[in-house]
Structures are given as structure tokens and as C-alpha cells.
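Below are the chains, spelled out letter by letter.
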There are 2 protein chains.
Amino acid sequence: MEILENKSISCVKGFRVASIHAGFKRNEKLDMGLIVSDVPAVSAAVFTTNLVKAAPVQLDMKHIKNDTTRALIINAGNANACTGQQGLDDARSESERVAKALGVKPEEVLVYSTGVIGQPLPMDKVNAGIDKCLDSLRDDGDELYKAIMTTDTREKRIYLRMQLSGKDVDICGIAKGSGMIHPNMGTMLSYVVTDCNITKEMLTRIQKDVTAGTFNMVTVDGDTSTNDTATIVANGLAGNTLIDRTDTKDYECFCEAVYYVTEYLAKAIAADGEGASRFMEVYVYGADELEQARTLARSVAGSSLFKAALHGADANWGRIVCAMGYSGARFDQNKVDVGFESKAGEIEVFTKGVPLQFDEDLATKILSEDRVQVKINLNSGEAQAKAWGCDLTAEYVKINGDYRS
Amino acid sequence: MEILENKSISCVKGFRVASIHAGFKRNEKLDMGLIVSDVPAVSAAVFTTNLVKAAPVQLDMKHIKNDTTRALIINAGNANACTGQQGLDDARSESERVAKALGVKPEEVLVYSTGVIGQPLPMDKVNAGIDKCLDSLRDDGDELYKAIMTTDTREKRIYLRMQLSGKDVDICGIAKGSGMIHPNMGTMLSYVVTDCNITKEMLTRIQKDVTAGTFNMVTVDGDTSTNDTATIVANGLAGNTLIDRTDTKDYECFCEAVYYVTEYLAKAIAADGEGASRFMEVYVYGADELEQARTLARSVAGSSLFKAALHGADANWGRIVCAMGYSGARFDQNKVDVGFESKAGEIEVFTKGVPLQFDEDLATKILSEDRVQVKINLNSGEAQAKAWGCDLTAEYVKINGDYRS
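These figures come from a predicted structure and were not determined experimentally. (Residues numbered from 1 in each chain as written. Chains lettered and ligands numbered in written order. Predicted model: local features only at pLDDT ≥ 70, side-chain atom pairs only at ≥ 80, totals over all residues. Heavy atoms only, no water.)

### Details of the pairing of strand β11 (residues 337-342) of chain A
All names here are of chain A.
Item 1. Along β11, 5 of the 6 residues are buried, which leaves the element largely enclosed by surrounding structure.
Item 2. Pairing of β11 with strand β14 (residues 371-377) involves 5 bridges; the strand directions are antiparallel. Across the sheet, residue Phe340 finds its bridge partner in β14, namely Val374.
Item 3. In this structure, β11 lies alongside strand β12 (residues 345-351), joined through 5 bridges in antiparallel fashion. Looking across to β12, one finds that Phe340 is bridged to Ile347.
Item 4. Linking two consecutive strands that pair antiparallel, namely β11 and β12, is a turn of 2 residues. (Buried < 20%, exposed > 50% of the residue type's maximum accessible area, 1.4 Å probe, protein only. Helix = DSSP H or I, 4+ residues; strand = E, 2+ residues; numbered from the N terminus. Pairing = 2+ DSSP bridges.)

Spelled out as C-alpha cells, the structure:
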């Protein structure tokens, strides 16, 4: 498995991509994109658990059930959420326009929107944008990873190549999201595209597992968007032996690649939290069960108080233990160890339920790094989980206080 | 029922109170207090649901089971949390010292601490403080409401008088808490003291119901402390006919008084959220069930994104609907109305699941007031609930980033 630099979705065999300016963003910035597979592909997606689902999410939840997928159309700047029947009609109309131009079925087209909630899609711009996308599809590099950005400050993309049954198999992932997971521009969207030959059943299984361990472990402010969607598409053109069961080396290897790509994107989103100055990984290990480890890790990564402490490089283990305590997960507080690690070193601050006297200067040095790991050992079982987040800054408040206006 | 100004706990018949400086806080500030009932009283308490419970909470959970209570000893500045066996021994020793001096049983003494987590109680200061408290008990006014404050910027106390079976019955409530409900200094402690004649069974029932609708509906940052405790004590000296069943006018009237006092304190805590500049009440009505209304109200009041929007006086109903969506409570989004109200007026921004064109200037004016009500009508049933919170400010981040150092 190797990482290839400067590649994008259109570099994967049989995928063409357009990224254009349709007029949602100012200053001619890219704000719309289209992914087309030259052959019928299989796809899987995990959608927001928010009860209030944007129109494109409602549409895609139906379209994803179709056996094949041919295209994905995406706009950034308007979420088409809380837009009632008109929103549903607009999303459907998008899929129909793309389908007609490509000579495929509307159910083979997935539709995505991100941006401000509650404003009807400007369909003149959307339609013109779709046509422009159709005219500018290319297979030699694209900037879709830029077109989907909203409040993101950094691009998020990764490209891997692996060998399966003697064939090169490529996989490319891009994502947008910051201020995670927030209901307006901060929606999390991710696209993983591969030429792997795999059944829809296997792909669906992998996407569900991987999302639970990666995107669902990112927390920036605890809010879940109306539009969050993680999609994976595989068109089979690599020509590897079809992956149709779980007990093979190929399945395992492909799983690992999807996990690697998705975890990379999830961490990139956490690091790009709105106004964030510091990235944190919360590593819970020695747990009895995976879900327990995940719940504890997420609770710590999501604690406003610990996030504020992290911003001040304050080794406030009390807030960590407290966030574990109200997480809802069980654990024996008399067995817990807590420590911090970064480039600047490692320190233990709490052991077997009791605080340690520790070197405050060293702790501050460790916590002042850009990337900090919080290590929590439950000293009980073998399960472990990681969650990712960022510090809470005054800048976050500023961005989110001023956003709509 | 009338409100009396400038009264405190020691003004309630048969209660003596001390509030002193024991040395936990700097600048001779009050930091320790003692409440003593001259006769055996009944008490009830609701404790933090955090799995990690401070030593005094663990002790009080046993002592509250005792039929009678005679004294409450409280310190601010050190939480005696995450202090292992030593912490438990220290809390027990406090109850024994107070009990011995008063000639009562240790189980008749409740112990409270609030402050920094993970540091052993300085027992020399504690013991000297207890002795000083015992020497300075008075029944003609006290400043216990000041002694329990930590990061609070305002005192929180209220005093009511009602008539039950021809007798004057007094009830006084004090509380501390800000940056609610946060694991260090921000712990929520409340004390409601009355001379009402009531059984422990009735008192316990009332305290549980009232706490669910008041303190549990306050959210500042979603973190639940290791030390949060809401206690009520009644010594019967008013001489009213014993309240021992729920189907009486006296029960109803007393309930109402406790609810009034507790809601007043809960709202005062929300308004005193660390760094908060604006108080919000989220009023959910037209719900099918009480729990559904409560869950939705709390979710909106606790959304970091809406709190940040409120700080910017931004009528961002999208974040409200989104927070309702991820709350876990069911509702029909196509029936929902959302509006805002304050001294400056009233405005509806969302109706039957669809955004309204509204006057942005008026909305900004309404949201710029000190106290803002978010009104959410589910247009379905008769249940309703209110939750209280505050905006999210850069100042909050500052306070909580710098707190420990």
C-alpha cells in the first residue's frame, strides 16, 4: 500500500470529475462538482442521524438502495435543508437533469448540498452549474476537494494504491468539514472513490464499520448536521478478483485501505475545527468493550471544559475524569490512568484513580504542541478506541456568532 | 405567598448559620459555612449523576438515608473529589467533628465541598474552620450565600413566606454555580431550608420532581460535576399541620413554593454562566409528553452553535431545528413553529417546518436583550417544558482555559 501525492478523484480509473464555479460562493471560487463513473458502480453511504434531514439526504437514502450508481452531483453554499416539498422537488430535479444528460436513471445519481439552511436552492444557478459540470468533466486531475469546502481552512484529500490479486487498485478520499459537525456550512461530507472490484454488500458493510470508528469519532462541537453524509463508490475497473466475502486477504487489505483513507480524513477534519489552534487525539485503551472505549473517548474529546483547558495548555485531568464520569459508560475509576503525549514528551498525571504530583512545566510544554494525545488506560480489558477533536477557542465563538450575517 | 427581601437561611425558625473565612480563598473571603437545625429535621437531596462522585457526595448518599438531619457543613475552594480513600476518610472526619460538638450522630451531618478537583483537603484548615463555624452560629442573618460562591459573579438567594393551616411557613433557598455544570469550581450546590412540618417521604418526592424540572433544565456547557448536589431541609418548627400526603391543599401550596424557589435559583445560575452576556429561556410547548419537551428544550439550550449564534444576536433558527433533530426526541418537523421573544418584542421565524421571511432588524433587536426566550411550538399535544442557559462567549473560553493556573 503506497500513498501517491497530488492525485485526485479523477485519477482513479474510469472516473471523470468536474469542479466549477456556479455562483454560490463569491470571488469565482469553486462551489459545484460532479463525479461520473464511466461504468455502473456500486456505492454505500452513511447518513446523518439527525431527525431533521436535508432534502438531498432524503433523496439519497432512496437512491443508495439502487444496485448501481453512475454520478454524484454536489454544491457548496446552500444546504437545501428545511426547505419543505420544494427542496425535495429541487433535489429530485437535479438527479433527473444529470441522469438525462448521461443517459442513466435518476436513481443512479446521488445529490449533495452543503451551506446555509432554510433557503430554497437557486435552481437557475444549479441548472446552469450542472450543465457546466457536464461540459467540463476530465480524467486527469480535478479540484473537487476545493469545490466542496466552506469554512474549511485546509484541503482534505488522500490517494492510496494497493495490489489486489495482482492488480493495481486505487482509492482516493476527499472530505469537507470543520467546526464539526455543525448544521450550516460545517456539514461533514466525504467521498471515497475506488476502482476496486467489490460487491455492494461488502462495500456497505465496510462503509458502516469504518464510519463508526472514524467519522463518528470526530467531535468538534457535538452538533450533528442535517446534511452529513459519507459515501463510497467502487466501479470495479481495476480488474481485481471480485471481493464478495469477508474471509479473504483481499477483503482485509481493502478494508485496511478504506480505514486508512477515512481515518486520515476524519483527523484532518478534527484538526481543521473552526478556530481551532490545537488537535487532540483521545486514546482510550484497556477497556472491556469497544463501545465503552468509544463512548469514553468521544465524551472527553467533546467536553467543552476540557477543550477550553487544552486551549490554555492546562493539564486539567479533573475535567477528563469528569467527562468520563458523565459519558454514560461504566468503568472503575480506581483503575484509571491518565496521561498526555506529544512531540515534546510524555507525562502521567493520574494513576489508579489518584492524582500524581507531576512536573507542571513539562505538562505545559507537552500540551502546547499542535497535536496532543490524551492517553486513558482503564486497566481492565483489551478494547480500545480513538476520538479526535480540537481545542475550544475564542475564535470558534467569533466564527459561529457571526456566521449567518 | 410573599417574597421577603434581604433575608437569609438563619432567618428561618430554628436554624442557626455560620459563614466564615477558613483559608481556602484568598483575601479573607468567606469560604466555609455551617447550617444547624435546633431540632431534628428531615432532609432530601438529589446528587450528581456523574459516575465519578466526590467523597462528600459518597458520604451524603449514605447520610441522607438517616431519618433525621441536624447540620450541614460546607467548604468552597477544594472539591475533595478524586482523592481516593483519604478523601472519604476526611469527609467522614468532618461529619464526626461537627456531630461531636453538637452532640448528635455523624449520620445527622451532611458534608459538602466545591472547588478544585484532585487535591487532598487541608484538614488543619478544615478543622479550624469547623470550630470557628461552631463558635459563630447566629440566627439573625448570615452570608452563607456568599461563602459558597466560587466563580459566581452574583449571589443567588430567595426567601418566601406562605401560610399553611394558619401558620407562617418560611422557605429560603441559596445556590452557587456558574459555568454550569462544570467539574471544578463550577459545581452546582443548592440549599433550600424551611420550617415547614412535612414528612421525609413527602419532602423526598417533592425534591426529586422539582429538581427534574428546574436544576436539571439548566445547561451552560453540558458538563456534569462530580459534586453537584441539591438539598432541602425541613425542621417542622412552623407548627403547621404535618404534610404527610399529596392530596391536600397544603401539599400543593408547599410544592409550589419549593418549585418557585428552585426555579428562581436555577435561572439565576443559568444567567450567571461563566462569561455569559445573555440569558436564554427555551420554551417548548405543544408537545405530546413532558420528557420529550424537556429533551428538546435542553438540547437547544445546550447547543454550542446556537449559544454562539445567540451571542452574535443572530436569529439562526437552523441551529435550533438542528439541535432538536439530534436531541433524540421525536417530533414532526412539518408542524414546528420557532420564534423569539424579549422585552424588545416578539417574532416568528419558522412555521410548520418552513422558514419565514422575517424582519432581520427586529430579530436582532429582540436577540440583543439581556434575557431572550426561544419559543418552540410542536403543535401536537399539551406538554411543555422550559430549559435555561446562556450564550457562549469568548470570555467563557478564557475563564476555562486559564482556570487551574
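### Comments concerning a nonpolar patch on the surface
Item 1. Together, Met1, Ile3, Tyr260 and Tyr264 of chain A line one region of the surface with nonpolar side chains, adding up to about 390 Å² of accessible area.
Item 2. Of the residues examined, Tyr260 of chain A reaches a relative accessible area of 40% and is grouped as partly exposed. (Patch = residues over 30% accessible without salt bridge, like charges linked within 9 Å, V, L, I, M, F, W, Y side chains within 5 Å. Areas by Shrake-Rupley, 256 points an atom, 1.4 Å probe, with all protein chains shown as cover. Salt bridge = Lys/Arg side-chain N within 4 Å of Asp/Glu carboxyl O.)

### Quick word on unusual backbone geometry
Residues and elements named next belong to chain B.
Item 1. You will see that Ser165, though not glycine, has its phi angle at about 40°, which is positive.
Item 2. Topologically, Ser165 is positioned in the loop between β6 (157-164) and β7 (167-176).
Item 3. Ser165 gets classed as partly exposed once you look at its relative accessible area, which sits at 37%.
Item 4. With a phi angle near 50°, Lys352 is a residue other than glycine that sits in the positive phi range.
Item 5. Along the chain, Lys352 falls in the loop between β12 (345-351) and β13 (354-355).

### Comments concerning the sheet that holds β13 of chain B
Residue and element names in this part refer to chain B.
Item 1. Here 6 strands make up an open sheet; going across it, the order is β13-β12-β11-β14-β10-β15 and the pairing mixed. The open sheet has two edge strands, β13 and β15 (383-390), and neither has a second partner.
Item 2. The pairing of strand β10 (residues 279-287) with β15 spans 7 bridges and is antiparallel. Within β15, the position partnered with Glu281 by the bridge is Trp388.
Item 3. Contacting β10, β14 (371-377) and β15, helix α6 (residues 249-271) crosses the sheet at an angle of about 40° to β15. (Contact = heavy atoms within 4.5 Å. Axes fitted to C-alpha atoms, helices over the stretch in contact; angles between N-to-C directions.)

### A word on the packing of aromatic side chains
Residue and element names in this part refer to chain B.
Item 1. Per the stated rule, a full pass over the model turns up 8 aromatic pairs over all chains.
Item 2. The ring of Phe279 has Arg371 lying over it, and the distance from NZ or CZ to the ring centre is 4.2 Å.
Item 3. Lying across the ring of Tyr283, Lys386 places its NZ or CZ 5.2 Å from the centre. (Phe/Tyr/Trp six-rings, centres within 6.5 Å; stacked < 30°, edge-to-face > 60°. Lys NZ or Arg CZ within 6 Å of the ring centre and 35° of its normal.)

### Quick notes on helix α5 (residues 200-213) of chain B
Residues and elements named next belong to chain B.
Item 1. A rise of 1.5 Å per residue sets the reference length of α5, with its 14 residues, at 20 Å; its end C-alpha atoms lie 20 Å apart and thus fit the reference within 8%.
Item 2. Three or more residues of α5 are buried, namely Lys200, Met202, Leu203, Ile206, Gln207, Val210, Thr211 and Gly213. Axial view of α5: buried residues confined to an arc of 160°, hence all on one face. More than 90 degrees from the buried face of α5, the exposed residues found are Glu201 and Lys208.
Item 3. Along its buried surface, α5 packs onto β3 (32-47), β9 (229-234), α6, α7 (290-302) and β15. (Expected span 1.5 Å × (residues − 1). Arc of directions from axis to C-beta.)

### Quick look at the side chain of Asn75 of chain B
Residue and element names in this part refer to chain B.
Item 1. Along the chain, the position of Asn75 falls in strand β4 (residues 69-78).
Item 2. Looking at Asn75, its side chain comes within polar contact range of the side chain of Ser113, at 2.6 Å.
Item 3. Among all residues touching Asn75, those that are not within four sequence positions of it are Phe24, Asp31, Met32, Tyr112, Ser113, Thr114 and Leu121. (Polar contact = N/O pair within 3.5 Å; in protein donor to acceptor, adjacent residues only side chain to side chain.)

### What about the pairing of strand β10 (residues 279-287) of chain A?
Residues and elements named next belong to chain A.
Item 1. Judged by how many residues are buried, β10 sits mostly within the fold: 8 of 9 residues are covered.
Item 2. Two elements, β10 and β14, share 7 bridges in a ladder whose sense is parallel. Bridging from a neighbouring strand, Val282 pairs with Val374 of β14.

So yeah, pure geometry; function would need other evidence.
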